[in-house]
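# Fold and geometry: a report
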Amino acid sequence: MKNILLAGGAGYIGSHTAVELLESGYDVIIADNYSNSCPEAIKRVEEITGKSVKAYEVDIKDTAKLEKIFMENDIDAVIHFAGLKAVGESTQKPILYYRNNIDTTLSLLECMKKYNVNNIIFSSSATVYGEENPVPYTEEMNRGTCTNPYGWTKVMMEQILEDAAKADDKLSVVLLRYFNPIGAHESGRIGEDPQGIPNNLMPYVSQVAVGRREQLTIFGNDYDTPDGTCRRDYIHVVDLAKGHVKAIEYVLENDGVEVFNLGTGTPYSVTEIVSTFEKVNDIKVNHVYGARRAGDLPESYANADKALSVLGWKTEKNLADMCRDTWNWQKNNPNGYKN
Ligand code: NAD
Ligand code: UD1
């Protein structure tokens, strides 16, 4: 049995990945400070899978406390989800973002070196393609210019991990560039639970539908896109989680650094998201068109061929599944985990 440490594993993507790993026969250890999550998510992972998870409440920046986990467990691989991710907040509090996101990465790498753990998967983002690269994005493109500190932390952490692997033949690194994860586990027991006003589209849509917010503002309808609204590569979080299981198999068997886009390769517009959500769930989402949001690109979507050819992974769920599962989570948990 292989032990996988999920740093930040109580969060949205981490909790869904924990379910898929447990169901694939891995043992899961979660380290989280619950700064953007709660222990209830881990309880629900255990409820869904009928398996137990060893959980540590720890700030991963605190290398001494983190080390205890490496001392007590024989870890085979680490998945590094732990990070702050609100783009707008990162422009207000850049030092907090650089401190948290970079230091968690350095602490993990230090402990891994000391305890001879040689496999790490990192949660990167499509944001590293920046403003210059044309869509669809392919993994060999150079990292681009980001519009915010959050994006720069991802660029810097990719570089740190690449440098660490260059200096250490034993180290195996997989950088997963996520596109736009939405949806929830089909049980409706775990899902995305943003604190405060959601920054991202889908949680905003579902909070309007459930009556927590009055209306959605669609940011701009004058882009050079088929319907004038921005297009993104939305991916079901369960497909994304399954991508991590494939990446674990890969990282355990290979050395060096490999980068994979995790997306569907098919973009949908904001208007298509709203209309599909309304149609499949038979519910109205009040919305108005407003000004563009600073920093938004007209289009962002993956070329997902490499993940298929190397990892044997591709998405299985469609946009209707994403909208249905988001709503199933939201309507059963109108206040997220605080029910
Ligand atoms: P999330 O906020 O739900 O999960 C992140 C988890 O990390 C939370 O549980 C939080 O409490 C924890 N954490 C943060 N700092 C920590 C610290 N210092 N010590 C211990 N725990 C800490 O976010 P998510 O959506 O699950 O994203 C997971 C990762 O994927 C993040 O690194 C994020 O930047 C990246 N990512 C997310 C998206 C997205 O749209 N959700 C897109 C691209 C990349
Ligand atoms: C954003 C971040 C990206 C990050 C990702 C996941 C920016 C510029 N990019 O991506 O770095 O990796 O989240 O956290 O912030 N929209 C509305 N109304 C809303 C919310 C969003 O119209 O209330 C639109 C946006 O303009 C965009 C689309 O919906 O066109 C998707 O937005 P969002 O979910 O925030 O994701 P990204 O902007 O793609």
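This text follows the structure it describes.
So, here's what we can say about the structure. (Residues numbered from 1 in each chain as written. Chains lettered and ligands numbered in written order. Predicted model: local features only at pLDDT ≥ 70, side-chain atom pairs only at ≥ 80, totals over all residues. Heavy atoms only, no water.)

### So, the overall build of the protein
Of regular secondary structure, the protein possesses 11 helices and 14 strands. For the C-alpha atoms alone, the extent of the protein along its principal axes is close to 55 × 45 × 40 Å. The buried share of the protein, reckoned over its 339 residues, is 56%. Pairs at least 24 apart in sequence give 79% of the contacts found in the protein among residues at least 6 apart. Total accessible area computed for the protein in this model is approximately 14,400 Å², and 47% of it derives from carbon and sulfur atoms. (Helix = DSSP H or I, 4+ residues; strand = E, 2+ residues; numbered from the N terminus. Buried < 20%, exposed > 50% of the residue type's maximum accessible area, 1.4 Å probe, protein only. Contact = heavy atoms within 4.5 Å. Areas by Shrake-Rupley, 256 points an atom, 1.4 Å probe, with all protein chains shown as cover.)

### A closer look at the site of ligand 1
For ligand 1, the set of nearby residues contains 28 residues, the closest of which are Ile-13, Asp-32, Asn-36, Ser-37 and Lys-85. Gly-11 is positioned with one of its backbone polar atoms (N or O) 3.3 Å from an oxygen atom of ligand 1. In the environment of ligand 1, an oxygen atom lies 2.8 Å from a nitrogen or oxygen atom belonging to the side chain of Lys-85. Calculation on ligand 1 without its partners gives an accessible area of 820 Å², and the protein chains cover 96% of this total. For the shell around ligand 1, the secondary-structure elements that each account for two or more residues are helix 1 (12-23), helix 5 (94-114), strand 5 (119-125) and helix 6 (149-166). Looking at the shell around ligand 1 element by element, the count peaks at 3 residues for strand 5. (Near = heavy atom within 4 Å. Polar contact = N/O pair within 3.5 Å; in protein donor to acceptor, adjacent residues only side chain to side chain.)

### Observations regarding the site of ligand 2
As a matter of local geometry, ligand 2 sits amid 19 residues, with Thr-217, Phe-219, Arg-232, Arg-293 and Asp-296 nearest to it. At 3.4 Å from an oxygen atom of ligand 2 is found a side-chain nitrogen or oxygen belonging to Thr-127. Within the side chain of Asn-180, an N or O atom sits 2.9 Å from an oxygen atom of ligand 2. Protein contacts shield 89% of the accessible area of ligand 2, which totals 740 Å² for the unbound molecule. Sorting elements by how many residues they give to the shell around ligand 2 places strand 8 (residues 216-219) first, with 4 residues. Taken together, the residues that form the shell around ligand 2 break down as 9 nonpolar, 7 polar and 3 charged. (Nonpolar A, V, L, I, M, F, W, Y, C, P; charged D, E, K, R; others polar.)

### Quick word on helix 7 (residues 201-209)
Most of helix 7 is tucked away: 9 of the 9 residues are buried. Those residues of helix 7 that sit buried are Leu-201, Met-202, Pro-203, Tyr-204, Val-205, Ser-206, Gln-207, Val-208 and Ala-209. Those residues of helix 7 that are buried are in contact with strand 7 (180-182), strand 8, strand 10 (234-236), helix 9 (270-281) and helix 11 (319-332). Where helix 7 ends, the next residue or the one after it, Gly-211, has phi of about 90°, a positive value.

### Digging into the pairing of strand 1 (residues 3-7)
Among the 5 residues in strand 1, 5 count as buried, and that is most of the element. Of the two faces of strand 1, the one holding Asn-3, Leu-5 and Ala-7 and the one holding Ile-4 and Leu-6 are both buried throughout. Here strand 1 runs beside strand 2 (residues 27-32); their pairing, made up of 5 bridges, is parallel. By the bridge assignment, Ile-4 is partnered in strand 2 with Val-28. Handedness of the crossover joining strand 1 and strand 2 through helix 1 is recorded here as right-handed. Where strand 1 and strand 4 (residues 77-80) come together, 4 bridges link them in parallel fashion. (Pairing = 2+ DSSP bridges. Right-handed = clockwise from strand over helix to strand, strands pointing away.)

### Description of the nonpolar core
Ranked by size, the top nonpolar core spans 42 residues in total, and within it Leu-6, Leu-21 and Ile-248 carry the most contacts. Among the elements that line this core, the one with the most residues is helix 8 (residues 237-253), at 8 residues. With 28 residues, the next largest nonpolar core counts Leu-5, Phe-70, Cys-111 and Leu-171 among its residues. (Core = buried A, V, L, I, M, F, W, Y, C linked by side-chain atoms within 4.5 Å.)

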